[in-house]
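Next come the chains, spelled out residue by residue.
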Amino acid sequence: MKFATAAFYGVALGLLALALRELLTGFGENRCSMTYMFEYPEYRRVSLPRRVARLYPAYGLYLYGEGLYAQETRSLKLTGAPVLFLPGNAGSYKQARSLGSVALRKAESAEGGVHLNVFTVDFNEELVALYGGSLRQQTRFLHECIKAILRLYKGQESPPRSVVLVGHSMGGVVARALFTLPRFSPHLVTLIITQASPHLAPVLALDTYLLEFYSAVRERWVSHADELRNVTVLSVGGGYRDYQVRSGLTSLPCPPGDPSKLSLVVTAVPRTWVSTDHLSIVWCKELVLATVRAFFDLIEPKTKQFSESGKRRMAVLNHHFIRHPVRMLDEVQDAAIVLSDFPEAWSEVNTLRLAYSTPKEGQFKYFLFALSSRRKAYSHFYCRSNNLEMSSWVYGCVQRSSSMCVHAVDLSMGTELLPPYKVLVLSLGDLSSVSHLVVGASNLNGKQFSVECEWQRQESQTVSVPMPHVLSFGLTASDVTVNSSGLLHNIELEHFHQVYQAFRITVASHCKVHKDRLSNVYRMKVPWFREDSLTTASVPSVTELSGMLHTSRPENTSGVLLQLHTAPNCQYKVSIRTYFPRVLGQVLRFCGPLVPVYTAVTLLLACGGQLSSILRTGQTLDMSQAVGRGLQPHKVDLPVYVLHFLLGYSWFQDAWTALSLPAMDALPPTFPDGTFHKGVEPVEEWLRLLSPLLYVFGAAVAFWGSTLLQLFLRLISLIMAPLLRPSVSRDCGTLGLRTQLLIILSLAVVGRTFCGAVSIFATFLLHLYRVLRLQMTERSLSHILNLAPGKHREAVNGSADAEAPGKPRECNGGPLLSDGALQEVQSDLQLHLSLSALFTLPMMLSGPSLLHWIGNLRYSSHLDPDPCWPHTVPLLVAYLLLINCNSQKLASSKLLPLTALLPLPLSVAIVTFSPLHLYRVTHFLSVALLPLAFSCLL
């Protein structure tokens, strides 16, 4: 039985390790280019008012500079446009160097002396993603920094009226939190760009302050959406390489259709097209260049400051981050364009496809396509060119003379930039006023490039393929073969709509004739969220694509498309299989917070199993056996399913509200925008189905974690054995009642005066000492009983009784050396091992508070606010009282029958109320352990 249990949890741990591997390393190398400083970076501290410096001693404001620019700005007489960088969780203010250095290089080539002044904030590298107590403080300090920056520009002819914010990780959330301050003027910030910022919800909710902060920010931006429409916000997610903040969380919670809010994944950003991890998104050269280009396009030449027009901001952001057409929408363009009047520059194309490569010498060249003969047979016109210079190149002829087009309108605004070339797809139904299409292929500068164009019938170039079931485990495949008679093909991926799905898509290209061709581009196009991914492949080749989603498909939206920009006269075979390791990785990516919840449930049920064993037999169940039996999804998940079902009825909701019960917890939904922030927190069906798997993962962590804890304590006890006097008493490591009360009072004072997490850690060490002494006692008794003959044991016992009649068994005394004494010590040891394993959870949950307190000790010895105080006082009392507990006292306790019944309903409550509020796990453990502690006294 033990072997079967260990084998089962070994397999479960292996699956969890496989999921972790796919989550952390399953996406290849980082393809971002590094940004380098050409000169030594300098950070000049900006002095703040004394009041501000006294209120926020741990924080600071700096101006970034290099070389000559750093010397010129030494006096802080600035003339540029201000940009303020905000670091995130444990982030350094020096992370602004990539943005600042690229901005300085860009200013060297800018006209009119236009440049940026890049400021950065030092938030003391606080762990604000795990400890929310300092988020409000950071927000208020940020407000003071913005006012201080604008004061530096006083006296200028055109001083800036606002500051542009660039926030990384939690810095982006703090930037949006500015608008919750009662005295903040919204006109001070009109543009915010966030990088890998979890806007929808925190990654892990370890305290109430973090969730209250998120709730206030979300409420402000949703309820006052009309007032904040002039504030432009762009949120950029890192893609699958960012395992710390999944890109679905970077979606801005705002009303649907808000024109001033954009959310996207970096893989869809033109001229970037790479996934970044959580840190590289700050220094990724491709993304930094796109950001800096947008900033310089936003600066007005006259004032040399950022434009105050919201329409202009959106046009620039759409240009650099969404589509990158040949020009921005608000740029003035003549209605009619005059083309070359050289007859030899014109060629009329009567074939269905054009393939042209420019010669080395420069020349004018235009190709003319007649629309009249193609309107009925074809629906679209497709054209691409590997000349990445974004300029007008396709026109609609409105006036034709002989074989030339005299006047034309520019149709190039629909051009889209792909990694190897630019592409334009025109719908013939929108060209009723145009008689001919003109493709410009002039290379006056002698630069060589190629152009490929064709007429297309969209229906014949679109094919549907059903995706394999997620439980097919890659044993079955969906195949489709495309005989490429065209340059573009669309494959509709049916039934691909949930985030837990993951597929391995293989595209094999084969051409009968080997010749130079433009590269293939395979694009996974997601209509409901800007999370497209692009892959470039040579011809012929075998390319593997990863089919996964950052967000689930909302209702009334079209499905995922696999676009193949192909080479003509080639064959493409697309094979799709479920990739089970990445399915596990996706489950962990989106449901990871449920694993520690189920770990707590397993350990709590294991403790309950031991109490039931004491109630029945008087002996404690072995910890490994008890934890192995803690996997009880039929008793835990089934009541949760019933509650979710009943909450669908209004009468049950009314009863729930009448009892003042909190809402049932649910992880942040996987839908983009418009769902979570409306107050609706749906529990998606797939998450309910995955609960047993997550329970198995949590139970595996509990089983092997408790096993490692037991091995660790054995090792420590061996090390401590020579330092302490050996003992054979079950009472070693216990405390007197007065000592217990004194320690409880002292730790309560320490927690109230300094940090509650310190008291939790000290209590854990005190209880650990008790377990270590029991471990040493168990080893001593085992050795004695194994070495001493039975008659000698009786003689020793008799002499011990004669020497000390009626004397209680103390730590240094000698109890009866019998197998019964060994069983008593082993029973106590197993009970306290389970309690120690259970206590590791509150200690880990309070760890961020302890680290934050330690990091700020030089500024303040008191943690304010403290999420651990006073909620953990019952936990401290319980564990200090349990130090003296043993199985004999519990077996004779009148409270034990009631105490043994508590773990199961509390486990259901943990699963019901803790997935989004992990700190509640500590509260439920306190409710379970306090009665146990009193059972040892009564």
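Since we're looking at a predicted model, the values are computed, not measured.

Conventions we followed
- Residues numbered from 1 in each chain as written.
- Predicted model: local features only at pLDDT ≥ 70, side-chain atom pairs only at ≥ 80, totals over all residues.
- Heavy atoms only, no water.
- Helix = DSSP H or I, 4+ residues; strand = E, 2+ residues; numbered from the N terminus.
- Buried < 20%, exposed > 50% of the residue type's maximum accessible area, 1.4 Å probe, protein only.
- Contact = heavy atoms within 4.5 Å.
- Areas by Shrake-Rupley, 256 points an atom, 1.4 Å probe, with all protein chains shown as cover.
- Salt bridge = Lys/Arg side-chain N within 4 Å of Asp/Glu carboxyl O.
- Polar contact = N/O pair within 3.5 Å; in protein donor to acceptor, adjacent residues only side chain to side chain.
- Pairing = 2+ DSSP bridges.
- Axes fitted to C-alpha atoms, helices over the stretch in contact; angles between N-to-C directions.
- Expected span 1.5 Å × (residues − 1).
- Parallel < 35°, antiparallel > 145°, perpendicular 65-115°, else oblique.
- Nonpolar A, V, L, I, M, F, W, Y, C, P; charged D, E, K, R; others polar.

Undergrad: Just give me the short version of the overall build of the protein chain, but keep the residues and values in it.
TA: Within the protein chain, the secondary structure is distributed over 26 helices and 28 strands. Here the C-alpha coordinates of the protein chain stretch approximately 130 × 70 × 60 Å along the principal axes. The proportion of buried residues among the 938 residues of the protein chain is 57%. Sequence separation of at least 24 residues holds for 81% of the intrachain contacts in the protein chain that already meet a minimum separation of 6. Surface accessibility of the protein chain: about 40,000 Å² in total, with carbon and sulfur atoms responsible for 57%.

Undergrad: An account of the pattern of salt bridges is needed here, citing residue identities and associated values.
TA: Within this structure, the stated rule accounts for 22 salt bridges. Of the charged contacts in the structure, one is a salt bridge between Glu416 and Arg323, with a shortest N-O distance of 3.9 Å. In this pair, Glu416 is assigned in strand 16 (residues 416-417) and Arg323 in the loop between helix 10 (310-321) and strand 9 (337-338), connecting sequence segments 93 residues apart. Residue classification places Glu416 among the buried residues on the basis of a relative accessible area of 17%. The exposure class assigned to Arg323 is partly exposed, which follows from its relative accessible area of 35%. Residues joined in a network through salt bridges with shared partners are Arg323, Glu416, Arg523, Lys525 and Asp532.

Undergrad: Give a description of the environment of His565 that names residues and reports values.
TA: Looking at the element boundaries, His565 is found in strand 27 (residues 560-565). When the C-alpha positions of His565 and Ser484 are compared, they lie 9.8 Å apart, and in sequence the two are 81 residues distant. Non-local contacts of His565, meaning those with residues more than four positions away in its chain, are made with Tyr382, Arg384, Leu418, Tyr421, Val423, Leu487, Leu488, Ser519, Asn520 and Val521. A distance of 2.8 Å separates a polar atom in the side chain of His565 from a polar atom in the side chain of Tyr382.

Undergrad: I'd like a description of the sheet that holds strand 22 (residues 488-494), backed by residues and values.
TA: Spatial ordering of the open sheet is given by 20-22-27-24-25, a layout of 5 strands whose pairing is mixed. The two strands at the open ends of the sheet, each matched to only one other strand, are strand 20 (462-466) and strand 25 (533-537). On average, each strand axis in the sheet is inclined to that of its neighbour by 20 degrees, with strand direction left out of account. Where strand 24 (residues 520-525) and strand 27 come together, 5 bridges link them in antiparallel fashion. Counted as the bridge partner of Arg523 is Gln563 from strand 27.

Undergrad: Could you give me a rundown of helix 5 (residues 135-151), with the residues and numbers involved?
TA: An ideal rise of 1.5 Å per residue puts 24 Å on 17 residues; helix 5 measures up with 25 Å between its terminal C-alpha atoms. When you tally the buried positions in helix 5, you get 12 out of 17 residues, the bulk of the element. Turning to helix 5, its buried residues number three or more, namely Leu135, Gln138, Thr139, Phe141, Leu142, His143, Glu144, Cys145, Ile146, Ala148, Ile149 and Leu150.

Undergrad: Now, about the side chain of Ser509: what can you tell me, with residues and values included?
TA: Note on placement: Ser509 falls in strand 23 (residues 503-511). Every residue in contact with Ser509, bar those within four places of it in the chain, is listed here: Asn520, Tyr522, Ser538, Val539, Pro540, Ser541, Gln571 and Tyr572.

Undergrad: With reference to specific residues and values, describe the packing of helix 5 against helix 7 (residues 208-223).
TA: Each pair of packed helices can be described by the angle between their axes along with the distance between the axes. At a minimum axis separation of 10 Å, helix 5 and helix 7 run at an interaxial angle of 45 degrees. By the angle between their axes, helix 5 is oblique relative to helix 7. Here helix 5 contributes Leu135, Arg136 and Thr139 to the contact with helix 7, which in turn contributes Leu210, Phe213 and Ala216. By residue class, the composition of the contact of helix 5 with helix 7 is 4 nonpolar, 1 polar and 1 charged.

Undergrad: Describe unusual backbone geometry, listing the residues and the values that go with them.
TA: Across residues other than glycine, the phi torsion is negative in most instances, and most of the peptide bonds are trans. A cis amide bond links Val539 to the next residue, Pro540, at an omega of -10 degrees. Position of Pro540 among the secondary structure elements: in the loop between strand 25 and strand 26 (541-547). Of the consecutive residues Asp864 and Pro865, the connecting peptide bond is found in the cis state with omega at 0 degrees. Examined against the element boundaries, Pro865 turns out to sit in the loop between helix 21 (847-855) and helix 22 (873-882). A positive phi angle, near 60 degrees, is found at Asn124, a position not held by glycine. Summarising the element assignment, Asn124 is placed in the loop between strand 4 (116-122) and helix 5. For Asn124, a relative accessible area of 16% translates into the label buried. Despite not being glycine, Lys304 shows a phi value in the positive range, around 60 degrees.

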